[in-house]
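Chain by chain, the residues run as shown.
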Amino acid sequence: MAGFSCVTFRGICHGLGSDYAPTELTSARSVVMNGVGKSYRFMRINPETEGVTCIQLFGNTPEDFTEAMKIICEDELLSRVDIFDINMGCPVQKVVKTGAGSGLLKTPKLAGEIVRQSREATEKLGKVLTVKTRIGFNDSSKNGPEFAKILAANGAQAICVHGRTAAQMYAGEADWEQIRLMRESVRDCGVYFFANGDVKDGPSARKILDVTGADGVMIGRAACGNPWLFSEVKDYLLCQNADKTIKNISFKEKCDMLLSELHGRIKEVGEKTAVCEMRGVMPHYVKGFPGASRMKVALCRASTEMEVRQILDDCLRLKEDGL
Ligand SMILES: Cc1cc2nc3c(=O)[nH]c(=O)nc-3n(C[C@H](O)[C@H](O)[C@H](O)COP(=O)(O)O)c2cc1C
């Protein structure tokens, strides 16, 4: 997820049960034009902390994807990536208007050609090819089932579907029934199928799997500031005594995790950029706790690690004093 799934956070999530997480989306064109340098920090992986690694690319021409994949695999670290994921779900106007992201739902033939050529490339590079998409472009074009068939027929090895149309962005409820129809359409194609949208705990993960018949579940927003969710969900799915799997994470544990993510990010991109980028992330760690609104304002104004530490220490002290 753009703004959230940096290499540090993905490592934290893996340590807490996530099997794997893709990088945030990176422009294949930009890699072709500028090499890996400019996009390196978005594509950086750490096979030691992440387990399975996955770089997500977006674009609108098959050649950009195949060329970008080759360029990425010339880099010592990035060449260790396990999976290339093609984004066919991003609804942001800037991406869609170029025909990339969820714009590809409108051009299924091109989407198929992108997958076909990318699969040829990933075979040569020894990588796995997956696709992330949505149930359709808008209400009058829910072409998900045919689209999924095209992706599978052209060689996608796994498909992840977010149960909203591009027009919906993130509004309304995810339509798990449409995900089921897509799953059914590729049931005999030997492709792994992951369901995504509105999973926020063990019961919703169980339900999306039951409703859609998917092989696995992907979790987005609910994991922001809550990496413990992965072990909670995993325990719930595997454990008979499901109620015992719900964990109460204390404010102190949340603060410690926030600082550990910040610390990791500082090592990745330096203090100034890390604190700035964490402004969108920190509020997720403190939400739901008393005084969260005031804390969020203060955290969003912080510009150094020390300031963040100070704000959290003050809040912890007030909490201990019962104020
Ligand atoms: C801020 C934000 C950034 C996102 N960035 C990406 C991205 O880079 N690649 C991607 O495949 N999906 C991205 N998504 C979509 C999520 O992966 C997910 O499909 C969507 O939020 C629905 O799942 P959820 O209900 O579990 O959040 C993003 C979503 C949000 C809210």
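Quick caveat, the model's predicted, so the values are computed rather than measured.

Novice: I'd like a rundown of the site of the ligand, residues and numbers included.
Specialist: Around the ligand sit 16 residues in total, of which Gln56, Lys132, Asn196, Asp198 and Arg221 are the nearest. Lys132 places a polar side-chain atom, nitrogen or oxygen, 2.8 Å from an oxygen atom of the ligand. Protein chains bury 83% of the 600 Å² of accessible surface belonging to the ligand in isolation. A per-class count over the shell around the ligand returns 6 nonpolar, 6 polar and 4 charged.

Novice: Report on the pairing of strand β3 (residues 52-58), specifying residues and quantitative values.
Specialist: Burial within β3 is extensive, with 6 of its 7 residues counted as buried. Pairing geometry for strand β1 (residues 20-22) and β3, over 3 bridges, is parallel. Residue pairing for β3: Pro22 is matched across the bridge by Cys54. Pairing between strand β2 (residues 26-27) and β3: 2 bridges, direction parallel. Residue pairing for β3: Ser27 is matched across the bridge by Phe58. With 4 bridges connecting them, β3 and strand β4 (residues 83-88) associate as parallel partners. When the sheet's bridge partners are listed, Gln56 is paired in β4 with Asp85.

Novice: Describe the environment of Cys315, naming the residues involved and giving the relevant values.
Specialist: Assignment of secondary structure puts Cys315 in helix α16 (residues 305-320). Note on Cys315: relative accessible area 18%, which makes it buried. In this structure the C-alpha to C-alpha distance between Cys315 and Gln93, which are 222 residues apart in sequence, comes to 39 Å. Discounting chain neighbours no more than four positions away, the residues touching Cys315 are Phe251 and Met295.

Definitions and limits used
Residues numbered from 1 in each chain as written. Predicted model: local features only at pLDDT ≥ 70, side-chain atom pairs only at ≥ 80, totals over all residues. Heavy atoms only, no water. Near = heavy atom within 4 Å. Polar contact = N/O pair within 3.5 Å; in protein donor to acceptor, adjacent residues only side chain to side chain. Areas by Shrake-Rupley, 256 points an atom, 1.4 Å probe, with all protein chains shown as cover. Nonpolar A, V, L, I, M, F, W, Y, C, P; charged D, E, K, R; others polar. Buried < 20%, exposed > 50% of the residue type's maximum accessible area, 1.4 Å probe, protein only. Helix = DSSP H or I, 4+ residues; strand = E, 2+ residues; numbered from the N terminus. Pairing = 2+ DSSP bridges. Contact = heavy atoms within 4.5 Å.

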